[in-house]
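Per-entry structural report
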Number of protein chains: 2
Amino acid sequence: MKLRRSSRLVDMTHYLLYHPHQLVPLTFFAERYGSAKSSISEDLAIIKQTFEQQGIGLLRTLPGAAGGVQYVPKMSEAEAKQFIQQLCTSLADPDRLLPGGYLYMTDLLGDTRIVNQIGRLYASAFAHEHIDFVVTVATKGIPLAYAVASFLNVPVVIIRRDSKVTEGSMVSINYVSGSSKRIQTMVLSKRSLKEGANVLIVDDFMKAGGTINGMISLLSEFRANVVGIGVLVESEEAEERLVDEYVSLVKLTSVNVKEKQITVEEGNYFHFVK
Amino acid sequence: MKLRRSSRLVDMTHYLLYHPHQLVPLTFFAERYGSAKSSISEDLAIIKQTFEQQGIGLLRTLPGAAGGVQYVPKMSEAEAKQFIQQLCTSLADPDRLLPGGYLYMTDLLGDTRIVNQIGRLYASAFAHEHIDFVVTVATKGIPLAYAVASFLNVPVVIIRRDSKVTEGSMVSINYVSGSSKRIQTMVLSKRSLKEGANVLIVDDFMKAGGTINGMISLLSEFRANVVGIGVLVESEEAEERLVDEYVSLVKLTSVNVKEKQITVEEGNYFHFVK
């Protein structure tokens, strides 16, 4: 159906936002609106300028017959700084303290607005990596993994603690948790991950890194190539870290149960992104 | 910063899409772009027309001092029909058959594009209900719950099978699963749901409805008001259904393991939505 420029801008913005990282040929839009490719190019120039100016993301234009336009979600450094600062303030609230020095974070992980912002942040950080799947482990990492994967436009694979009949045949490993030193199990459905895939690991919390290390071992059974690791909160209290390269948003530096004090600071996100 | 109409249309579309169901005062946009409210009204008229024409959703304008504009995500009947038909075709694939007559659905639930479409469908069906929280039970319903909640712009609450120290104090119930007749447990963190909330229950699969019935019992401990139940797949094989009112997208009518045949049809979505 024929659309005027103003309507085309609205519809193209919607289309691009819901198809991130996908190369859309200019002819797709030209046919969708019954417009000349030159008009579509002008529309895209406006969208590109606005997306970049307003910190929505990049619009990459690839020339040639196989070319097109690709929306790459990005968060500006200023917005990222402000958002991470808000997370830190929220996490430092002494009401979050639970017996044993654990922190209550369920409200943050239940807030779809916050979860989607975290997804945008990680998708921004790993925008230029080739990623086939986002991988997490049940349960708390799941919303974060889906948020990241939505902005990267790739599927999610969930590692479980126990095997389920609805998953078909599974590959399982035992691993030693980094902080408690207990032996634990992880399983992944054979069908869920193709061999040799490039994966991004996402989880909510990392102490010594035993769980993430376990995930890496399990993923190696699928010959997966781990291109990145994103953790929402890292705890500095770990004696020895089993995982070196990761991107964290928040670092928990100390928890004092007696004085009801939680100290948090910015994670290593900006070291990585810069 | 001052923006021209074309750039305003792009930025407003982005803003509205990422703030569904939120009433945005016209002065917010007027100040954001240094424009007159009359210009903003004209912009919104263009966006409204395009959103409705392209099946993106509704744009409600509330007049008066406390008024503003609100984007309500909606899926057209034609798009919903086509999407549910695709789900049915995909689910009827005999390769999904697992021992015991179970169906492999992990690939569908891992596909962020499909999950987000399911979210849009349910948000569309329950667009005019007052919902405070989307509630699901770990693990498979989680991505669906977040997708629905993102389009409704409300938080998610996750019921668990086991209590965890990071959840703080919990309320727990025992219930009898509808099909296996086994006694099972469900727990919900006390902090996670405020008393008397309006909730939408979302899950991936329902047979007799024992799990959903358990969720309803647990939610009654929080004096929650269940305003709706959405299940992706309902199985017709249940002898007696414990839950009456629900909205399903797909109905599994028969599974024949010997002949490797799966029969699926459209769920009751359109009975409910019309």
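Residues numbered from 1 in each chain as written. Chains lettered and ligands numbered in written order. Predicted model: local features only at pLDDT ≥ 70, side-chain atom pairs only at ≥ 80, totals over all residues. Heavy atoms only, no water.

1. Things to note about the pattern of salt bridges
Residues and elements named next belong to chain B. Applied cut-off: By definition here, a salt bridge exists when the distance from a side-chain nitrogen of Lys or Arg to a carboxyl oxygen of Asp or Glu is within 4 Å. Helix and strand labels come from DSSP, where a helix needs a run of H or I of at least four residues and a strand needs a run of E of at least two; each type is numbered from the N terminus. Classification of residues uses two cut-offs on accessible area relative to the type maximum, computed with a 1.4 Å probe and protein chains only: under 20% is buried, over 50% is exposed, and between them is partly exposed.
Tallied over the full model, the rule gives 26 salt bridges over all chains. Salt-bridge contacts for Arg5 lead to Glu42; the nearest nitrogen and oxygen are separated by 3.2 Å. Linking Arg5 in helix H1 (residues 5-17) with Glu42 in helix H3 (residues 37-53), this pair joins segments that are 37 residues apart in sequence. Note on Glu42: relative accessible area 44%, which makes it partly exposed.

2. A closer look at the sheet that holds strand E7 (residues 198-206) of chain A
Residues and elements named next belong to chain A. Note the following rule: Two strands are said to pair when DSSP picks up at least two bridges between them. Axis angles are defined between N-to-C directions and span 0 to 180 degrees, where every axis is a line fitted to C-alpha atoms and, for a helix, only to the segment in contact. Contacts: residue pairs with any heavy atoms within 4.5 Å of one another.
Read across the open sheet, the six strands follow the order E4-E3-E7-E8-E9-E10; overall the sheet is mixed. Each having just a single partner strand, strand E4 (156-159) and strand E10 (261-266) make up the two edges of the open sheet. Direction aside, the axes of adjacent strands within the sheet are offset by 25° on average. Examined bridge by bridge, strand E3 (residues 133-137) and E7 share three bridges and lie parallel to one another. Each residue of the ladder has a partner; that of Val135, found in E7, is Ile201. Against the sheet, helix H7 (residues 142-152) engages E3, E4, E7 and strand E8 (225-235), with an angle of about 145° to E7.

3. A look at the pairing of strand E6 (residues 183-189) of chain B
All names here are of chain B. Counting buried residues along E6, five of its seven residues qualify, which places the element largely inside the surrounding structure. Sheet analysis places strand E5 (residues 170-176) next to E6, joined by seven bridges and oriented antiparallel. Looking across to E6, one finds that Val171 is bridged to Leu188. Counting the residues in the hairpin turn of E5 and E6 gives six residues, including Lys181, whose phi is positive at 60°.

4. Comments concerning the nonpolar core
Counted only if it meets this: Here, nonpolar core refers to any group of buried Ala, Val, Leu, Ile, Met, Phe, Trp, Tyr and Cys residues whose side-chain atoms link them within 4.5 Å.
Ranked by size, the top nonpolar core spans 94 residues in total, and within it Leu249 of chain A together with Leu249 of chain B carry the most contacts. The residues contacting Leu249 of chain A, other than those within four sequence positions of it, are Ile84, Leu87, Ile118, Leu121, Tyr122, Val231, Leu232, Glu265, Glu266, Gly267 and Tyr269 of chain A. Among the nonpolar cores identified, the runner-up in size contains 42 residues, and Tyr15 and Ile46 of chain A together with Leu26 and Phe51 of chain B belong to it.

5. Here we look at the relation of the copies chain A and chain B
What counts here: Superposition of the copies used a least-squares fit over C-alpha atoms from residues whose pLDDT is at least 70 in both.
Mapping chain A onto chain B leaves a residual RMSD of 0.0 Å; the transformation is a rotation of 180° accompanied by 0.0 Å of translation along its axis. In short, the pair behaves as if placed about a two-fold rotation axis.

6. Considering the packing of helix H6 (residues 112-125) of chain A against helix H7 (residues 142-152) of chain B
Heads up, the rule is: Orientation is classified from the angle alone, with under 35 degrees giving roughly parallel, over 145 giving roughly antiparallel, 65 to 115 giving roughly perpendicular, and any other angle giving oblique. Gly counts as polar in this scheme, as do all residues outside two lists: the nonpolar Ala, Val, Leu, Ile, Met, Phe, Trp, Tyr, Cys and Pro, and the charged Asp, Glu, Lys and Arg.
Viewed as axis vectors pointing N to C, H6 of chain A and H7 of chain B meet at an angle of 105°, and their least axial separation amounts to 9 Å. If you check the angle between H6 of chain A and H7 of chain B, you find them roughly perpendicular. Across the interface between the two elements, Thr112, Val115 and Asn116 of chain A from H6 of chain A touch Tyr146, Ala149 and Ser150 of chain B from H7 of chain B. Of the residues assigned to the contact of H6 of chain A with H7 of chain B, the class counts are three nonpolar, three polar and no charged.

7. As for the interface of chain A and chain B
In plain terms, the rule: Reported buried area values correspond to the accessible surface (1.4 Å probe) lost by two parts on association, with both partners' losses combined. Polar contacts, as used here, are pairs of N or O atoms within 3.5 Å; protein pairs need one atom able to donate a hydrogen and one able to accept it. Residues neighboring in sequence count only if both atoms are side-chain atoms.
Tallying the contact residues gives 59 residues for chain A and 59 residues for chain B. Summing both sides of the interface, chain A and chain B together bury roughly 4900 Å²; the carbon and sulfur share of this comes to 59%. At the boundary of chain A and chain B, one finds two salt bridges. Inspection of the region where chain A meets chain B yields 22 residue pairs in polar contact (both at pLDDT 80 or more). Among the secondary structure elements, those contributing two or more residues to the side of chain A that touches chain B are helix H1 (5-17), helix H2 (26-33), helix H3 (37-53), helix H5 (106-110), H6 and H7 of chain A. The element that contributes the greatest number of residues to the side of chain A that touches chain B is H1 of chain A, accounting for eight residues. Tallied by class, the residues present in the side of chain A that touches chain B amount to 29 nonpolar, 20 polar and 10 charged.

8. Let's talk about the domain arrangement of chain A
Residues and elements named next belong to chain A. The following threshold applies: Just so you know, the domain bounds were taken from an automatic or database domain assignment.
Segmentation of chain A into domains returns domain 1 (3-71) and domain 2 (75-269). Taking the mean C-alpha position of each, domain 1 and domain 2 sit 33 Å from one another. The interface is formed by seven residues belonging to domain 1 together with eight residues belonging to domain 2. Of the roughly 530 Å² buried where domain 1 meets domain 2, counting both sides, 47% is carbon and sulfur surface.

9. Some details on the sheet that holds strand E4 (residues 156-159) of chain B
Residue and element names in this part refer to chain B. The six strands lie next to each other as E4-E3-E7-E8-E9-E10, forming an open sheet whose pairing is mixed. Every interior strand has two partners, whereas the edge strands, E4 and strand E10 (261-266), have only one. Averaged over all pairs of adjacent strands, the angle between their axes in this sheet comes to 25°, without regard to strand direction. The pairing of strand E3 (residues 133-137) with E4 spans four bridges and is parallel.

10. Describing the packing of helix H4 (residues 77-91) of chain B against helix H6 (residues 112-125) of chain B
Residues and elements named next belong to chain B. Note the threshold: Rotating anticlockwise by less than a right angle from the far helix to the near helix defines a left-handed crossing, while the corresponding clockwise rotation defines a right-handed one.
Packing of H4 against H6 leaves a shortest axis separation of 11 Å and a crossing angle of 135°. Put simply, H4 runs oblique to H6. Pair H4 / H6 crosses with left-handed handedness. Mapping the contact onto sequence places Glu79, Ala80, Phe83, Ile84 and Leu87 in H4 and Ile114, Gln117, Ile118, Arg120 and Leu121 in H6. Class assignment of the residues belonging to the contact of H4 with H6 gives a composition of seven nonpolar, one polar and two charged.

11. Considerations on the pairing of strand E7 (residues 198-206) of chain B
Residues and elements named next belong to chain B. How we decide: Orient the strands so they point away from the viewer, and a crossover whose first-strand-to-second-strand path over the helix runs clockwise is right-handed.
Most of E7 is tucked away: eight of the nine residues are buried. Here E7 runs beside strand E8 (residues 225-235); their pairing, made up of eight bridges, is parallel. Bridge pairing links Val202 to Gly230 in E8. Read as a crossover between parallel neighbours, the route from E7 over helix H8 (residues 210-220) to E8 is right-handed.

12. Examining H1 of chain A
All names here are of chain A. The cut-off we apply is this: In a helix, the anticipated span is given by 1.5 Å times the number of residues less one.
Counted at 1.5 Å a residue, the expected span for H1 with its 13 residues is 18 Å, and the 18 Å between its end C-alpha atoms agrees. Extensive coverage of H1 is indicated by the burial of 12 of its 13 residues. If you check which residues of H1 are buried, you get Ser6, Ser7, Arg8, Leu9, Val10, Asp11, Met12, Thr13, His14, Tyr15, Leu16 and Leu17.

13. Examining the packing of aromatic side chains
Put simply, the rule reads: Ring pairs shown here join Phe, Tyr and Trp side chains whose ring centres sit within 6.5 Å, with only the six-membered ring taken for Trp; geometry is labelled stacked below 30 degrees between planes, edge-to-face above 60, and tilted in between. Definition used: whenever NZ (Lys) or CZ (Arg) falls within 6 Å of the ring centre and also within 35 degrees of the ring normal, the charge is taken to sit over that ring.
Enumeration according to the criterion identifies 18 aromatic pairs over all chains in this entry. With 6.5 Å between their ring centres and 20° between their planes, Tyr122 of chain A and Phe126 of chain A make a pair best called stacked. Each member of the pair Tyr122 of chain A and Phe126 of chain A is classed as buried. Aromatic ring contacts, followed pair by pair, group Tyr15, Phe28, Phe29 and Tyr33 of chain A into a single cluster. Note that Arg191 of chain A overlies the ring of Tyr104 of chain B, its terminal NZ or CZ placed 4.5 Å from the centroid.

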